[in-house]
Amino acid sequence: MNRRASPDQTEGGLTQARPGAAPRSDLLDRGLTEDRAVPPPLIPLLSVEDLSVEFRTRDGVVRALENVSFTVGRGETVGVVGESGSGKSVTALAILGILHPAARITGGRAVFGGLDLLTAGEDRLREYRGRELSMIFQNPRTALNPIRPVGRQIADVLLRHANLPRARVRERAIALLAQVQIADPARAYHAYPFELSGGMCQRVMIALAMACSPALLIADEPTTGLDVTTQAAILELIEDLARQRRMAMVLITHDLALVGERCDRIVVMHAGHVVETAPTAELFAAPRHPYTARLIASTPRPGVTLADLRPIPGTVPDLRSALLPCRYRSRCEHAIPDCEEPPLPWLTVGPGHAVACRVPL
């Protein structure tokens, strides 16, 4: 498996560093050296380092993730964007330890509050899931138990993780349903998922995920299949509840406009690689990876006509085949022969802004 270049190497005048690391060039620009005392960086709530995942199938091994790295700070909202098949959801499932049995984690770490989630045993993970970190899944109808009332499903989480007397669990579950703005929450407590609309089921999922006020919430396409009005209401609800509880959030989506409005930083993924990470405003103002630029150019936005939109050429490569160090190489109009040479560099191009590319824009 190809590794990215060492953080101490440089290429094209740009400093190579890991996401979230203090770039050496920044120290030199300020007249400092690495021998001088420099305040240590804040420890992130979640630090994913070189996460690699593969799936064994009848048709071969799918290298779904390779050396995925990013961080999430306390109280921060980080958007993870990319086309379908880029590895966004697989990353979330790997962090939570709920990958499909055919999956295998082949390397990396996911450190949450000092605990490496990838090496923690299942018993330890069960204590963390739901209490310290939680997830809103794409499709609530498949995530909820169809033969158990939704209120009882929330009560199950509270009984497992909340320090509540059993007599108060039902009251608390109804209060959570009220917080997510479900009409007549006492009646909804006894409802089954099939008796609720898609928007109502998504609200139940939010109540489940936030029942114990986790430190980190992962929202995986939380508005898929909902109408535009309901989408806006759901997103505002998630954002308000996260702010009230000072939770960090990872928002997984293919909608760049959505992350542009609601995220502090953005992680761009393509074919199992993180190709760029930057503060939101800087990413939209000056994307440095060709894929990010194409992704933005293909997104409808105010002042842009349909004729102005530029599609991304080609398709995501077959992850079962032999892959180049840069998996965007075959689709990239800026590619050079060196793009086929390992390792894939990770270049720091600005404060908090890094890109995996030999010819950044």
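So, a few notes on the structure that sits alongside this text. Computed from a predicted model, the values in this text were never measured in an experiment.

**Considering the environment of Y192**
Among the structural elements, Y192 can be located in the loop between α7 (185-188) and α8 (198-210). Judged by relative accessible area, Y192 falls into the partly exposed class, the value being 30%. For the pair formed by Y192 and I147, sequence separation is 45 residues and the distance between their alpha carbons is 6.8 Å. Not counting the four nearest positions on each side in its chain, Y192 is found in contact with P146, I147, R148, P149 and V150.

**A word on the packing of helix α5 (residues 150-161) against helix α6 (residues 166-179)**
At a minimum axis distance of 9 Å, the contact between α5 and α6 shows a crossing angle of 125°. Taken together, the axes of α5 and α6 lie oblique to each other. Two packed elements cross with a definite hand, and for α5 against α6 that hand is right-handed. On α6, the residues that touch G151, I154, A155, L158 and L159 of α5 are R166, V169, R172, A173, L176 and L177.

**Considering the packing of aromatic side chains**
Under the defined criterion, the tally for this structure stands at three aromatic pairs. Centre to centre, the rings of F112 and Y128 are 6.1 Å apart; their planes meet at 80°, and the pair counts as edge-to-face. Remark: Y128 occurs in helix α3 (residues 122-128) and F112 occurs in strand β6 (residues 103-112); sequence separation between them is 16 residues. Overall, the relative accessible area of 13% leaves Y128 in the buried class. Seen in terms of ring centroids, Y291 and Y328 are 5.4 Å apart; in terms of plane orientation they differ by 65°. Their pairing is edge-to-face. Of this pair, Y291 sits in helix α12 (residues 290-297) while Y328 sits in the loop between α12 and β13 (347-350), and the two are 37 residues apart along the sequence. Taken as a pair, Y291 and Y328 share a single burial class, namely buried. The cationic tip of R131 hangs over the ring face of Y128; the distance from NZ or CZ to the ring centre is 5.9 Å.

Each value, and the rule that gives it
Residues numbered from 1 in each chain as written. Predicted model: local features only at pLDDT ≥ 70, side-chain atom pairs only at ≥ 80, totals over all residues. Heavy atoms only, no water. Helix = DSSP H or I, 4+ residues; strand = E, 2+ residues; numbered from the N terminus. Buried < 20%, exposed > 50% of the residue type's maximum accessible area, 1.4 Å probe, protein only. Contact = heavy atoms within 4.5 Å. Axes fitted to C-alpha atoms, helices over the stretch in contact; angles between N-to-C directions. Parallel < 35°, antiparallel > 145°, perpendicular 65-115°, else oblique. Left-handed = near helix turned anticlockwise from the far one by under 90°. Phe/Tyr/Trp six-rings, centres within 6.5 Å; stacked < 30°, edge-to-face > 60°. Lys NZ or Arg CZ within 6 Å of the ring centre and 35° of its normal.

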